[in-house]
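Residue-level structural notes
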Amino acid sequence: GRPETASPSEKPSESELQEEEEEEVDEDWDEAARIVDEISSQIQEVLAATRTASKKEKAALLARKRDLESSASYLDALAYLEDPEGERKRRQEGDAEAYRVVDEV
């Protein structure tokens, strides 16, 4: 006879695994991803505009691109996506420090 294989019902299907992962929704991660997506699309729009821009316009557009790339919200969101746990701890420490400074005033 043929060796028996595990029936599909014994192993969780891919969709069941995805559902389990989706239950652990990280709203901060979703928000960070939204910010990165939004600013990235703005950067793409600026880059697209530079193709047909005059030299003067190009300089202003590239300065705008640098501003977008170096904005605090973009950099914070990127840092969060790269290391959610480390970023959460850093933010909690920053919040604790802010409260200490307020208490001293």
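Residues numbered from 1 in each chain as written. Predicted model: local features only at pLDDT ≥ 70, side-chain atom pairs only at ≥ 80, totals over all residues. Heavy atoms only, no water.

Next up on the list: the environment of Leu78. Counting through the fold element by element, Leu78 comes out in helix α4 (residues 72-82). A relative accessible area of 26% places Leu78 in the partly exposed class. Along the primary structure Leu78 and Ala33 are separated by 45 residues, whereas in three dimensions their C-alpha atoms are 7.9 Å apart. (Helix = DSSP H or I, 4+ residues; strand = E, 2+ residues; numbered from the N terminus. Buried < 20%, exposed > 50% of the residue type's maximum accessible area, 1.4 Å probe, protein only.)

Moving on, we come to the side chain of Thr50. Relative to the helices and strands, Thr50 resides in helix α2 (residues 27-50). At 2.5 Å, the side chain of Thr50 and the backbone oxygen of Leu47 are in polar contact. Dropping the residues within four chain positions of it, Thr50 is found in contact with Lys58, Leu61 and Leu62. (Polar contact = N/O pair within 3.5 Å; in protein donor to acceptor, adjacent residues only side chain to side chain. Contact = heavy atoms within 4.5 Å.)

Turning next to the side chain of Lys65. Topologically, Lys65 is positioned in helix α3 (residues 55-69). Lys65 gets classed as buried once you look at its relative accessible area, which sits at 19%.

On to the packing of α2 against α3. A pair of packed helices can be characterised by two numbers: the angle between their axes and the separation between those axes. Between α2 and α3, the least distance of the axes is 9 Å, while the angle of their chain directions is 165°. As far as their axial angle goes, α3 and α2 are roughly antiparallel. As for how α2 packs across α3, the hand of that crossing is left-handed. Here Ile39, Gln42, Ile43, Val46, Leu47, Ala49 and Thr50 of α2 come into contact with α3, specifically with Lys58, Leu61, Leu62, Arg64, Lys65, Leu68 and Glu69. Broken down by class, the residue content of the contact of α2 with α3 amounts to eight nonpolar, two polar and four charged. (Axes fitted to C-alpha atoms, helices over the stretch in contact; angles between N-to-C directions. Parallel < 35°, antiparallel > 145°, perpendicular 65-115°, else oblique. Left-handed = near helix turned anticlockwise from the far one by under 90°. Nonpolar A, V, L, I, M, F, W, Y, C, P; charged D, E, K, R; others polar.)

Time to look at the nonpolar core. Grouped burial of nonpolar side chains is what soluble globular proteins tend to show. Ranked by size, the top nonpolar core spans nine residues in total: Ala32, Val36, Ile39, Ile43, Val46, Leu68, Tyr74, Ala77 and Tyr80. Mapped by element, the contributors of at least two residues to this core are α2 and α4. Take this core: its biggest share by element is five residues, from α2. Those residues in contact with Ile39 that lie beyond four places of it in its chain are Leu68, Ser71, Ser73 and Tyr74. (Core = buried A, V, L, I, M, F, W, Y, C linked by side-chain atoms within 4.5 Å.)

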